[in-house]
Each structure stands twice: as C-alpha cells, then as structure tokens.
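# Topology and contacts: notes
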Amino acid sequence: MGEPVARARERGGPAVALAAVVFYPLTWLLAKRRMEGLENIPASGPAMLVCNHVSYLDPVYTAVFVHRARRVPRFLAKASLWDVPLFGRVLTGSRQIPVSRGSADAGTSLEAARTSFADDGVVVIYPEGTITRDEAGWPMAARSGAARLALDSDVPVIPVVHWGTLSVYDHYKKRFRPSRRTTITVKAGPPIPMDDLRARVAERGPRPLLRETTDRMMTAVRELLSEVRGEPAPEPTRGARSQDR
C-alpha cells in the first residue's frame, strides 16, 4: 500500500536529497507506515495541501508522502527553525517558507507561498497554526492564512490527514513511544471545490469569504480524518473563529 506514483520526479536538489536520506529511514523506524491517495497529488504544476496537525512528527511524514508522489514539498514553517545550525541551511536549500507570526513580516510568508505557486510548487500548510489541543486529536479552529491563499491563487487545494503520529510522539504529555505495532497513516483526498468561492471574490472581496472558505477546507480535512480513523468526527466547536496567520 502506498506505492510510489509512476510519474517523472520533480527535481529538488541536494538539500531535498539530504532530507530524504534522513526522513525515509526515520518514518520506517518509528512505526509502520501507510500512505494512501498519492494519486491525488498533482503530477505537475502548483498545488496547496491543507493538513491536520496532531504531532510535531507530522511534517516528517508529510514530506515523505509528497516525495513519494514524486513532488517536492514547500512547508510554511516557524521562522525560528532557520536559526537551528545546519537545519536552517537545509530549509533554505529546499526552498521552505518561513513564517514570522505576530510580526510586521507575517504577511510575507503568504506572498512567498504565492511565489512558490508561480514556480509550480507544492505548498504545505497546517491551517490550525500549531498541533491540536483537542484531547481526542480532532482539528481545532483554523487560522485564515490558508483561506487567503486558496481564494487568491487558482491552484488545486488538496486535503491531507495524518493519524498515528500522536501515538508515537505526544508533545503535550511529553511522551515518545516508537513502536512497530503502531501504524501511521497519511492520506490525501480529492481536490476541494473552490471555483464558486473564487468567483465571488470579485463581487465581495476575500475578507467576507474567509470563514466560509476555512470551514469548507477544514470540513474536508475532518471528513477525511474521520474516514481514516473509522469513526464520526464531532461537530466543530460552536462559535470558533478563524484567526489571521
């Protein structure tokens, strides 16, 4: 299950090759690995992946998932990671996108993502902005950055979910339990319909549509996660509002 897609591989360069050398064995050692829906990642051209976020291990598995689809992921990641010796150079070399949340530079990450789309990049974003605090691991209310990108960029928006990473590493409980008895699943669903929302931007502008767009994307993520988990997703918290990234 999760065989590589038969298509030409996007060229990533030495930094991507180095990350692959580290990430592939890591995802195999920590737990069993199941990757589904690789065919839903476009073989070429720009795309935006919107993902749930349950563990700090998620990006490792997202990266391997996208790479197995023969594409190169470009993550929106905390700018502080660029300060880590060597790791920061790998992030720069693989064209990842720093996010300086809460500063005057916060909007530049969205502009950098748009530039990546223009370069036919696959941009990965976790709309919640951090790992979920929901005790059962369901998504929290999302920030509005992903909706802004989805509305003003004519690219496929693909839902991607992870499940099982929390069993290996639970940050809030400070628990790390690698096990070959655990299965970590990453699954991509079909593109989320966006054309009707984008058409309305010309009439109303993007701001009035941010909540509706965010809800549509997160509903697709929740439904896909429900499918992976084999249980119904609870209703989103009433009154939850999106926040600006």
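Predicted model only: the values in this text are computed from it and were never measured.

Take the packing of helix α1 (residues 14-30) against helix α2 (residues 58-68) next. A packed helix pair is summarised by two numbers, namely the angle formed by the two axes and the spacing between the axes. Relative orientation of the contacting elements α1 and α2 amounts to 115 degrees, with a least axis distance of 9 Å. When the axes of α1 and α2 are compared, the pair comes out roughly perpendicular. Relative to α2, the crossing made by α1 is left-handed. Contacts from Val16, Ala20, Phe23, Tyr24, Leu26, Thr27 and Leu30 in α1 reach Val60, Tyr61, Ala63, Val64, His67 and Arg68 in α2. Within the contact of α1 with α2, the residues separate by chemical class into ten nonpolar, two polar and one charged.

Attention now goes to unusual backbone geometry. Glycine aside, residues mostly have negative phi, and peptide bonds are mostly found in the trans state. Its identity is not glycine, yet Arg70 carries a phi of approximately 70 degrees, on the positive side. Tracing the backbone through its elements, the reader meets Arg70 in the loop between α2 and β3 (73-78). Even without being glycine, Lys174 reaches a positive phi, approximately 55 degrees. Structurally, Lys174 can be placed in the loop between β7 (169-170) and β8 (175-176).

What follows deals with the pairing of strand β9 (residues 183-188). Judged by how many residues are buried, β9 sits mostly within the fold: five of six residues are covered. The pairing of strand β1 (residues 32-36) with β9 spans five bridges and is parallel. Considered in β9, the bridge of Lys32 is made with Thr183. Bridge count for strand β6 (residues 157-163) against β9 is four bridges, and the pairing is antiparallel. In the strand pairing of β9, His162 is matched with Val186.

Moving on, we get to the environment of Met217. Within the secondary structure, Met217 is located in helix α8 (residues 210-229). Met217 sits 164 residues away from His53 along the chain, and the two C-alpha atoms are 14 Å apart. Not counting the four nearest positions on each side in its chain, Met217 is found in contact with Met48, Val50, Ala146, Ala147, Ala150, Val157, Ile192 and Met194.

This part is about a nonpolar patch on the surface. Judged by side-chain polarity, Leu18, Val21 and Val22 come together as a nonpolar surface patch covering roughly 270 Å² of accessible area. Relative to the helices and strands, Val22 resides in helix α1. Residue class for Val22 comes out partly exposed when judged on its relative accessible area of 46%.

Definitions and limits used
- Residues numbered from 1 in each chain as written.
- Predicted model: local features only at pLDDT ≥ 70, side-chain atom pairs only at ≥ 80, totals over all residues.
- Heavy atoms only, no water.
- Axes fitted to C-alpha atoms, helices over the stretch in contact; angles between N-to-C directions.
- Helix = DSSP H or I, 4+ residues; strand = E, 2+ residues; numbered from the N terminus.
- Parallel < 35°, antiparallel > 145°, perpendicular 65-115°, else oblique.
- Left-handed = near helix turned anticlockwise from the far one by under 90°.
- Contact = heavy atoms within 4.5 Å.
- Nonpolar A, V, L, I, M, F, W, Y, C, P; charged D, E, K, R; others polar.
- Buried < 20%, exposed > 50% of the residue type's maximum accessible area, 1.4 Å probe, protein only.
- Pairing = 2+ DSSP bridges.
- Patch = residues over 30% accessible without salt bridge, like charges linked within 9 Å, V, L, I, M, F, W, Y side chains within 5 Å.
- Areas by Shrake-Rupley, 256 points an atom, 1.4 Å probe, with all protein chains shown as cover.
- Salt bridge = Lys/Arg side-chain N within 4 Å of Asp/Glu carboxyl O.

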